[in-house]
Amino acid sequence: MQNERSTPGELRVAVVGFGWMGRVHTLAYRRAVEHFPGLALRPRLTAVADEVPGRAAEAAALFGFERSTTDWRTLVDAPDIEAVSITAPNFLHREIGEAFASAGKHIWIEKPVGVNAADARAVEAAAATAGVTARVGFNYRNAPAVRRAKRLIEEGAIGTPTHASFRLLGDYAADPAGAFTWRYELERAGHGVVGDLAAHAVDLIRYLLGEVVDVTASGAIFIGERRRPSAATTGHVRVETGDLIPVENEDWSASVLTLVSGAKVTLEASRVAVGHQNDYGFRIHGTRGALEWDFRRMGELLQAAGEQAQDLPMATVFTGPGDGVSAAFQPGSALSLSYDDLKVIEAEGFVQAVAGVENADGADLSDAVSAAEVLDAIAASSESGARVAVAERVAGPVR
Ligand SMILES: NC(=O)c1ccc[n+]([C@@H]2O[C@H](COP(=O)([O-])OP(=O)(O)OC[C@H]3O[C@@H](n4cnc5c(N)ncnc54)[C@H](O)[C@@H]3O)[C@@H](O)[C@H]2O)c1
């Protein structure tokens with residue numbers, strides 16, 4: 001069906017899956033116009049879908065979507081919808097992504113794009129065949145400190161990066177009373193913490209340091225059973241009663257990655273790290289310096305750069321308007337952005353890309369496929385104990 005061109009200057013969007021990310025995408029569409037007045041198209045909240053009765057209707061009432069439904073399929077061929085946020089659980093990414101892309105809708109889809117690389121490749125192929133634009137929810141690359149780190153690495157400020165460590169530690173699954181949701185099932189989540197958190201690290205590694213050649217990994221499940229919730233969930237909820245179900249995917253993963261450059265990277269991800277909430281970050285070591293970032297101190301980058309190899313001091317730099325698109329939010333330094341702001345930046349990249357703006361920001365499906373291939377290699381190596389080569393593909397340059 002032919003998509004209607006909506007009111008000139010508008011982009012009519014739908015959101016499918018109104019849990020945590022559905023809400024964050026919705027707010028990002030609303031705020032993108034205010035932070036980026038030059039936005040080529042103004043997002044218009046046209047429809048919202050969620051299978052839980054009442055959830056989409058509530059979202060429509062609160063956020064101003066023009067209509068709501070419990071069945072996303074009714075939106076696929078809707079001529080007034082031009083773009084869609086796919087913020088449902090992983091196992092639906094492929095089906096929903098293929099359907100909307102094939103119907104000519106542009107897609108902003110959450111990571112990891114399906115449960116494995118085959119799913120990510122299928123969505124990429126559907127988008128390419130239909131000629132639609134896509135952006136993927138790898139939001140941490142939007143942090144001004146990460147942009148600053150990328151610029152410094154490209155300028156050679158830390159010499160040649162030789163080794164690095166990336167960590168994504170969380171406690172969202174540390175409570176044994178945490179309900180058995182889609183996140184713990186192979187069929188509906190795919191990987192465990194590897195798809196949930198390590199996916200972000202792999203994107204950051206590719207973004208900052210380049211492609212991954214091979215992986216040696218280990219994984220473990222520490223909480224082997226969880227209780228099935230009796231009602232629909234969103235996010236992470238606790239349940240005290242209900243059947244105990246075996247957890248099917250890993251709580252913890254650690255791997256050593258070899259990059260095309262020859263650099264070595266360690267990556268640790270945990271969803272059961274008691275005492276560590278959203279403890280995400282990296283340390284990158286080069287021949288003439290080092291960089292360190294902690295997501296929880298988003299506006300700070302630790303930098304050591306200089307000629308001396310020993311006793312080089314490390315300074316804390318507060319990011320400012322010159323770092324990434326920080327200026328769209330704050331006029332001075334040391335005024336940190338928030339998690340939601342990273343999604344506003346992602347929304348801007350998506351809308352600009354849809355409008356055909358050259359060099360529009362953001363991770364695309366090629367990035368999602370490349371990351372997914374690394375995640376599959378991590379899972380395969382954890383299973384076999386052997387070093388696993390990352391599947392070859394003709395990936396575009398990492399921007
Ligand atoms: N980029 C990030 O930082 C980030 C953070 C969290 C989650 N995510 C990703 O976002 C996605 C969603 O995660 P979440 O935390 O928002 O999950 P969530 O469980 O909070 O929300 C998922 C929503 O999808 C709905 N849903 C399920 N089946 C549906 C169907 N058939 N049709 C319509 N709606 C359906 C659920 O009812 C729920 O409201 C996942 O793929 C996850 O990996 C990304």
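Quick notes on the rules
Residues numbered from 1 in each chain as written. Predicted model: local features only at pLDDT ≥ 70, side-chain atom pairs only at ≥ 80, totals over all residues. Heavy atoms only, no water. Domains from an automatic or database assignment. Contact = heavy atoms within 4.5 Å. Buried area = accessible area lost by both parts, 1.4 Å probe. Phe/Tyr/Trp six-rings, centres within 6.5 Å; stacked < 30°, edge-to-face > 60°. Helix = DSSP H or I, 4+ residues; strand = E, 2+ residues; numbered from the N terminus. Buried < 20%, exposed > 50% of the residue type's maximum accessible area, 1.4 Å probe, protein only. Lys NZ or Arg CZ within 6 Å of the ring centre and 35° of its normal. Pairing = 2+ DSSP bridges. Near = heavy atom within 4 Å. Polar contact = N/O pair within 3.5 Å; in protein donor to acceptor, adjacent residues only side chain to side chain. Areas by Shrake-Rupley, 256 points an atom, 1.4 Å probe, with all protein chains shown as cover. Nonpolar A, V, L, I, M, F, W, Y, C, P; charged D, E, K, R; others polar. pLDDT = per-residue confidence, 0-100. Axes fitted to C-alpha atoms, helices over the stretch in contact; angles between N-to-C directions.

Remarks on the domain arrangement of the protein
Okay, so step 1: For the protein, the assigned domains read domain 1 (10-139) and domain 2 (141-337 + 362-389).
Okay, so step 2: When each unit is reduced to the centre of its C-alpha atoms, the spacing between domain 1 and domain 2 is 24 Å.
Okay, so step 3: Contact with domain 1, which involves 29 residues of that partner, is made by 33 residues of domain 2.
Okay, so step 4: For the domain 1 and domain 2 pair, buried surface summed over both sides reaches about 2,500 Å², with 63% attributable to carbon and sulfur atoms.

Considering the packing of aromatic side chains
Remark: the centre distance and the inter-plane angle together describe each pair of aromatic rings, the angle taken between the planes.
Okay, so step 1: Applying the stated criterion across every chain yields a total of 17 aromatic pairs.
Okay, so step 2: When the centroid spacing of 5.6 Å and the interplanar angle of 55° are considered together, the rings of Phe18 and Phe63 count as tilted. Remark: Phe63 occurs in helix α2 (residues 55-63) and Phe18 occurs in the loop between β1 (10-16) and α1 (20-35); sequence separation between them is 45 residues.
Okay, so step 3: For Phe18, a relative accessible area of 6% corresponds to the buried category.
Okay, so step 4: What makes Phe63 buried here is its relative accessible area of 10%.
Okay, so step 5: Ring centres of Trp108 and Phe350 lie 6.0 Å apart, and the angle between their planes is 40°; on these two criteria the pair is classed as tilted. Placement of Trp108 in strand β5 (residues 106-109) and of Phe350 in helix α9 (residues 339-354) is noted, with a sequence separation of 242 residues between them. Across this residue pair, the class does not change: Trp108 and Phe350 are buried.
Okay, so step 6: The ring of Tyr207 carries Lys150 above its face, with NZ or CZ at 4.5 Å from the centroid.

Concerning the pairing of strand β13 (residues 279-286)
Okay, so step 1: Counting buried positions over the 8 residues of β13 gives 6, a clear majority of the element.
Okay, so step 2: Taken together, the 8 bridges between strand β7 (residues 161-169) and β13 define a ladder with antiparallel strand orientation. Within β13, the position partnered with Phe166 by the bridge is Phe282.
Okay, so step 3: Pairing between β13 and strand β14 (residues 289-294): 6 bridges, direction antiparallel. Residue pairing for β14: His285 is matched across the bridge by Ala290.
Okay, so step 4: Between β13 and the antiparallel strand that follows it, β14, lie 2 residues.

Brief notes about the site of the ligand
Okay, so step 1: Surrounding the ligand, one finds 28 residues, the nearest of these being Asp50, Arg55, Asn90, Asn139 and Tyr339.
Okay, so step 2: Between an oxygen atom of the ligand and a side-chain N or O atom of His93, the distance comes to 2.9 Å.
Okay, so step 3: Starting from 840 Å² of accessible surface for the ligand in isolation, the protein chains cover 94%.
Okay, so step 4: A class-by-class count of the residues in the shell around the ligand yields 11 nonpolar, 10 polar and 7 charged.

A look at the confidence of the model for the protein
Okay, so step 1: The share of residues in the protein with pLDDT of 70 or more is 95%, and the mean pLDDT across the chain is 94.
Okay, so step 2: Taken together, the stretch residues 394-399 has pLDDT below 50 and engages in 17 contacts with residues farther than four places along the chain or on a different chain.

Considerations on the sheet that holds β14
Okay, so step 1: The strand order β16-β15-β14-β13-β7-β12-β11-β8-β17 describes an open sheet built from 9 strands, whose pairing is mixed. Two strands lie at the open edges of the sheet, namely β16 (315-318) and β17 (388-389), each paired on one side alone.
Okay, so step 2: Packed onto the sheet, helix α6 (residues 144-154) meets β7, β13, β14, β15 (300-305) and β16 and runs at close to 15° relative to β15.

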